2 protein chains.
Amino acid sequence: MIPFKLKILGAGSAIPSLHRAASAQLLQYNGSNVLIDCAEGTQMQLKKNKISAMRIDHILISHLHGDHYFGLIGLLSSLHLIGRTQPIHVYGPPALIDILHIQLKAADTKLRFPLIFQPLDSDGFKCVYSGKYLDFFSFPVLHRIPTWGFLIREKSGEPNIKSEFVAKYQPNPETIRAIKSGENFTADDGEIIHNNQITHTLSPPRSYAYCTDTAYFEPLIEYIKGVNLLYHEATFMSKFTEEAKNTFHSTSVQAAEIAKKANVGKLLLGHFSSRYNDLNPLLAEAQEVFPNTDLALDGSAFEIE
Amino acid sequence: MIPFKLKILGAGSAIPSLHRAASAQLLQYNGSNVLIDCAEGTQMQLKKNKISAMRIDHILISHLHGDHYFGLIGLLSSLHLIGRTQPIHVYGPPALIDILHIQLKAADTKLRFPLIFQPLDSDGFKCVYSGKYLDFFSFPVLHRIPTWGFLIREKSGEPNIKSEFVAKYQPNPETIRAIKSGENFTADDGEIIHNNQITHTLSPPRSYAYCTDTAYFEPLIEYIKGVNLLYHEATFMSKFTEEAKNTFHSTSVQAAEIAKKANVGKLLLGHFSSRYNDLNPLLAEAQEVFPNTDLALDGSAFEIE
């Protein structure tokens with residue numbers, strides 16, 4: 001199976017600390033590298049984790065609070081300086097492109113690579129990219145300013161034909177296309193071999209959802225139903241439910257409730273308030289509601305499976 | 001003597017590395033903290049050096065290349081979040097305030113403290129601030145985009161009256177003012193005591209100059225003549241004199257030539273190209289021209305004396 005991995009570059013919240021960087025994470029699938037959020041210092045977090053920024057193809061920015069994007073202009077500037085020429089795709093709130101342009105203009109910098117920007121649309125669940133291996137979707141979450149969550153899903157793809165069948169019958173390209181589209185095979189002697197005997201059963205496409213920053217927001221459940229891995233912000237312990245509501249953030253228990261109602265495979269908590277040094281109480285609270293929960297710690301990695 | 005100190009937070013150049021942060025430094029004088037340039041990650045460099053960002057009163061930004069200011073919006077945002085209400089003064093290229101405003105607007109953030117911005121003027125040597133203890137001056141240097149150097153000088157101040165004199169004659173406030181303004185003192189018995197017998201001789205005001213990024217630029221010499229400490233960029237070794245010229249940077253030898261011609265007390269080299277791991281060859285080259293030269297390394301500190 002193609003590895004589908006998530007690397008946490010930072011899962012702190014607004015005020016950065018020495019042991020917890022602000023939001024950034026990298027999703028890796030079959031050579032494609034997708035950066036999700038890009039707080040100040042993300043380019044240094046990439047270096048610390050020995051990941052080349054040159055390999056990033058897509059950058060998704062959830063919203064325009066600084067702890068989610070202040071590192072983007074620095075990352076793009078560095079890519080320019082080290083000679084990138086390959087295009088980079090950026091998806092984010094519409095105002096993001098103006099913020100990038102005003103800074104590039106002030107520096108009299110014309111990027112050496114195409115920056116392909118796609119503004120996010122606040123209206124419902126939208127496909128923002130459909131590639132060879134992955135599809136990206138955006139959907140609104142509930143925060144103080146317009147903010148989006150993301151769902152990244154691998155393509156279903158065509159079934160593979162079993163190698164024993166190919167060796168025995170040496171099908172021509174037309175026959176291969178017919179089998180891949182689901183048809184049965186008729187041998188020269190008239191024998192009909194059923195499609196499911198000669199193709200590998202596909203596993204359902206794996207998916208990852210990223211939901212930060214957001215208050216407890218039930219409309220999410222429909223969008224992220226059944227994802228293999230869900231990252232949901234958990235800024236506070238449940239004793240601060242009122243503060244979470246007022247600041248449009250969630251508690252770890254609320255994150256777990258969303259995970260449970262959406263029937264996801266696994267939940268990752270992140271965007272922890274800087275007041276928490278020990279995160280185990282947040283984890284324990286969430287696990288009471290949704291046992292398969294883990295903490296997104298800087299530098300940690302997770303398989304989407 | 002009042003301590004007058006420089007702390008190097010970062011002295012790397014455009015491409016940040018794990019062992020050398022981009023430009024930022026802090027000048028400390030009698031409780032006043034002046035931040036000079038503010039690259040991405042400066043707020044973390046302050047934390048690493050156990051310096052509270054809350055104590056910064058003034059921020060000077062030399063130019064709008066990212067390795068000199070991309071950390072400013074994050075620093076200001078953090079000060080807002082941790083509840084600063086004291087004003088902060090920012091001096092920089094005129095476009096800087098628009099860059100800050102567009103980002104604050106996108107975040108729907110209204111700073112809790114007054115941000116007092118003063119645009120720099122590209123025309124000659126200008127006083128940009130005159131305070132109780134320090135004066136700041138700006139002057140243009142020679143770079144690809146408009147860029148300024150800074151000179152920070154302590155006030156001459158009034159002379160102090162010797163404690164033995166005060167104990168013996170117990171002068172009233174009017175007499176104290178007269179002596180501080182240079183007058184002699186006439187005792188009740190008619191004896192005239194000369195001013196220089198009852199006051200401490202003032203040492204000349206100490207000063208620090210910051211020149212980065214700049215090509216070799218002789219007009220600087222007049223502006224920075226005789227400063228106690230000069231920070232001058234030294235991006236390259238002298239074998240790259242042509243590359244320095246083409247990119248509007250200096251070699252370490254050129255920095256030393258400026259220091260020598262300006263008759264400064266001490267020279268600090270900085271803004272090193274990321275190609276140099278070992279900086280000692282740059283230092284050695286400069287010391288051949290100007291022996292009292294040192295390297296600005298991240299975390300190092302210097303007295304201005």
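Everything quoted here is computed from the prediction, not taken from an experiment. (Residues numbered from 1 in each chain as written. Chains lettered and ligands numbered in written order. Predicted model: local features only at pLDDT ≥ 70, side-chain atom pairs only at ≥ 80, totals over all residues. Heavy atoms only, no water.)

Engineer: Would you explain unusual backbone geometry in this entry?
Structural biologist: Comment: phi is negative for the bulk of residues other than glycine, and the bulk of peptide bonds are trans. Note that the residue after A:T212, namely A:D213, is joined by a cis bond; omega there is -15°. Mapping A:D213 onto the fold places it in the loop between strand 12 (207–211) and helix 7 (219–224). Although it is not a glycine, A:Q170 adopts a positive phi angle of roughly 40°. As for its position among the elements, A:Q170 is in the loop between helix 4 (163–169) and helix 5 (173–180). By relative accessible area, A:Q170 is classed as exposed at 63%. The phi dihedral of B:N30 is positive, around 50°, even though this residue is not glycine. With respect to the secondary-structure elements, B:N30 resides in the loop between strand 2 (24–29) and strand 3 (32–38). (Helix = DSSP H or I, 4+ residues; strand = E, 2+ residues; numbered from the N terminus. Buried < 20%, exposed > 50% of the residue type's maximum accessible area, 1.4 Å probe, protein only.)

Engineer: Would you mind going over the sheet that holds strand 9 (residues 148–154) of chain B with me for this structure?
Structural biologist: By way of backbone hydrogen bonds, the strands of a sheet pair with one another, either parallel or antiparallel. Residues and elements named next belong to chain B. The strand order 7-8-9-12-13-14-15 describes an open sheet built from 7 strands, whose pairing is mixed. Because the sheet does not close on itself, it has two edges, and the strands there are strand 7 (126–130) and strand 15 (293–295). Sheet twist, expressed as the average angle between the axes of neighbouring strands with direction ignored, equals 20°. The sheet contacts of helix 10 (residues 280–289) involve strand 14 (266–270) and strand 15, and relative to strand 15 the element is tilted by about 165°. (Pairing = 2+ DSSP bridges. Axes fitted to C-alpha atoms, helices over the stretch in contact; angles between N-to-C directions. Contact = heavy atoms within 4.5 Å.)

Engineer: Before we go on, may I ask you to explain the domain arrangement of chain A in this structure?
Structural biologist: Accessible area lost upon the coming together of the parts is a frequently used measure of interface size. Taken as a whole, chain A is organised into domain 1 (4–157 + 202–303) and domain 2 (163–198). For domain 1 of chain A and domain 2 of chain A, the distance between their C-alpha centroids amounts to 44 Å. (Domains from an automatic or database assignment.)

Engineer: Help me understand the pattern of salt bridges in this model?
Structural biologist: Opposite charge on two side chains lets them pair, provided their charged atoms get close. Applying the stated rule across the entire model yields 16 salt bridges over all chains. A salt bridge links B:K155 to B:D135; the shortest N-O distance between them is 2.8 Å. Taken together, the residues B:K155 in the loop between strand 9 and helix 4 (163–169) and B:D135 in strand 8 (residues 134–140) connect sequence positions 20 residues apart. The class for B:K155 is partly exposed, based on a relative accessible area of 27%. Overlapping salt bridges bring together A:D108, A:K110 and B:R144 as one network. (Salt bridge = Lys/Arg side-chain N within 4 Å of Asp/Glu carboxyl O.)

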